[in-house]
Amino acid sequence: MRELEGRRLVIGVTGGVAAYKTAELVRLLVKAGADVHVVLTEAGARFVGAVTFQALSGNPVWTDLWDARMSNNMAHIDLTRGADAVLIAPASADVLAKLVHGLADDLLTTLCLARDCPLLVAPAMNRQMWEHPATVRNVAQLREDGVTVLGPDAGDQACGEVGMGRMLEPELLFEAVAARFQSKLLAGRKVVLTAGPTFEAIDPVRGITNSSSGKMGYALARACARAGAAEVVLVSGPTGLPAPWGVRRVDVKSALEMRDAVLAALPGADVFIGVAAVADYRPAQPAEHKIKKSGEALALTLAPNPDILAEVAARPDAPFCVGFAAESRELDAYAEGKRRAKKLPLLVGNLVQDGLGGDDNEVILYDDAGRHPLARAPKPAIAQRIVEHLAALLRARKG
Ligand code: C5P
């Protein structure tokens, strides 16, 4: 998806070790179609050279307020005219302080003062600098001035200390930037989703699970966050996927844990989307200790799991519920049957051979108006279409 096609972004790089991550961010932005212009401060240029950013962005890199390449000598004005946003990453404690006071003693701070587009900052600094009352005051003031502060994160720091102050990873910064240009179809809504497989213990080391990768559920959670949802809670079975930007992930293993986590997250939810491939059965009595091998046949007694989606949809205060159905044949009949049985306003059906575990999917949406096939596409694009469809149904229902 070239989702930033036609967007012009100015990326400011100040002095911080995290500048190396900004090189990757620029690559991601350019790959998504953005026209990226990098401005380095003098300190920023000590960490990653202009040549790297020039090669990655395909555009000249700017450092000097007096750069003769800009014929009218107005780099501080011209760079942001027509820009959709300025993002400073990494943003040092020094640049945050300068922005608060409107200082304009180099190209980056001058263009920030002269800009007419949104400003985002991704702070990166030692934890004590981040926690210093001066920085705390500055960050609060920047927020009040309408600046978007992205992160920082907690973790290992370049200085060897551990704590708050790490710059967000490039993928998360990319998400935050991309989300700004998405229409806010779910503004103000709370969304709860399930994703991934469940794992039903047989004994302490073995269990029953399935091949769901969680990719579709994670893509949907990400699409909901991008669509401006006020809160997105993703109750996830075991997957190797990172939590998307703006999504609160609750990790669970079994269907029973998933049910409890969903019910706990449900108050105030406007939408519930059950994407998880929840195991229909679990071993009735998981063994306390590892089952030993013997030459004998072994029979497992299975107990049915609760149907989380059906339970949520049957509540008197049910949110707008969306179900998924992965079938191996007769998709229309099974999908529409499930939608009616679980009383769902929307169900997404696909053939397992088309979607399970893979990166692409081919789905059909079923609602009261009928069936709506979507063209085969990567899961993030399918997720976006599902969000558009459910937002339209939600609006029609409320309106
Ligand atoms: O397993 P089944 O095909 O009935 O799943 C249809 C929908 O119901 C899916 O959205 C799935 O996430 C949900 N489901 C559930 N709890 C179960 C089984 C399925 O929430 N125990």
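Note that the structure is predicted; figures quoted are calculated from it, not measured. (Residues numbered from 1 in each chain as written. Predicted model: local features only at pLDDT ≥ 70, side-chain atom pairs only at ≥ 80, totals over all residues. Heavy atoms only, no water.)

Draft legend 1. Expanded view of the domain arrangement of the protein. Taken domain by domain, the protein holds domain 1 (8-179) and domain 2 (190-398). Between domain 1 and domain 2, the residue contacts involve eight residues of the former and four residues of the latter. Overall, the association of domain 1 and domain 2 removes approximately 560 Å² of surface from exposure, summing both partners, and the carbon and sulfur fraction of that is 62%. Taken as a group, Leu 172, Glu 175 and Ala 179 account for 70% of the area that domain 1 buries against domain 2, more than any other trio of residues on that side. Linking domain 1 with domain 2 are two salt bridges, by the criterion used here. When the shortest N-O distance is used, the salt bridge between Glu 175 and Arg 222 registers 2.4 Å. The tally of links from domain 1 across to domain 2 stands at two residue pairs in polar contact (both at pLDDT 80 or more). Along the lines of polarity and charge, the residues of the side of domain 1 that touches domain 2 split into seven nonpolar, no polar and one charged. (Domains from an automatic or database assignment. Contact = heavy atoms within 4.5 Å. Buried area = accessible area lost by both parts, 1.4 Å probe. Salt bridge = Lys/Arg side-chain N within 4 Å of Asp/Glu carboxyl O. Polar contact = N/O pair within 3.5 Å; in protein donor to acceptor, adjacent residues only side chain to side chain. Nonpolar A, V, L, I, M, F, W, Y, C, P; charged D, E, K, R; others polar.)

Draft legend 2. Quick look at the site of the ligand. Contacts to the ligand come from 13 residues, most closely from Gly 274, Ala 276, Pro 306, Phe 324 and Lys 338. In the model, an oxygen atom of the ligand is placed 2.7 Å from a nitrogen or oxygen of the Phe 324 main chain. Considering the ligand on its own, with 440 Å² of exposed area, one finds that the protein chains cover 88% of that surface. More than half of the atoms of the ligand fall within 2 Å of the grid points belonging to the largest pocket. Of the residues assigned to the shell around the ligand, the class counts are seven nonpolar, two polar and four charged. (Near = heavy atom within 4 Å. Areas by Shrake-Rupley, 256 points an atom, 1.4 Å probe, with all protein chains shown as cover. 1 Å grid on protein atoms, 1.4 Å probe; cavity = no way out; pocket = protein on both sides within 12 Å on 5 of 7 lines; lining within 4 Å. Sits in = over half its atoms within 2 Å of the grid points.)

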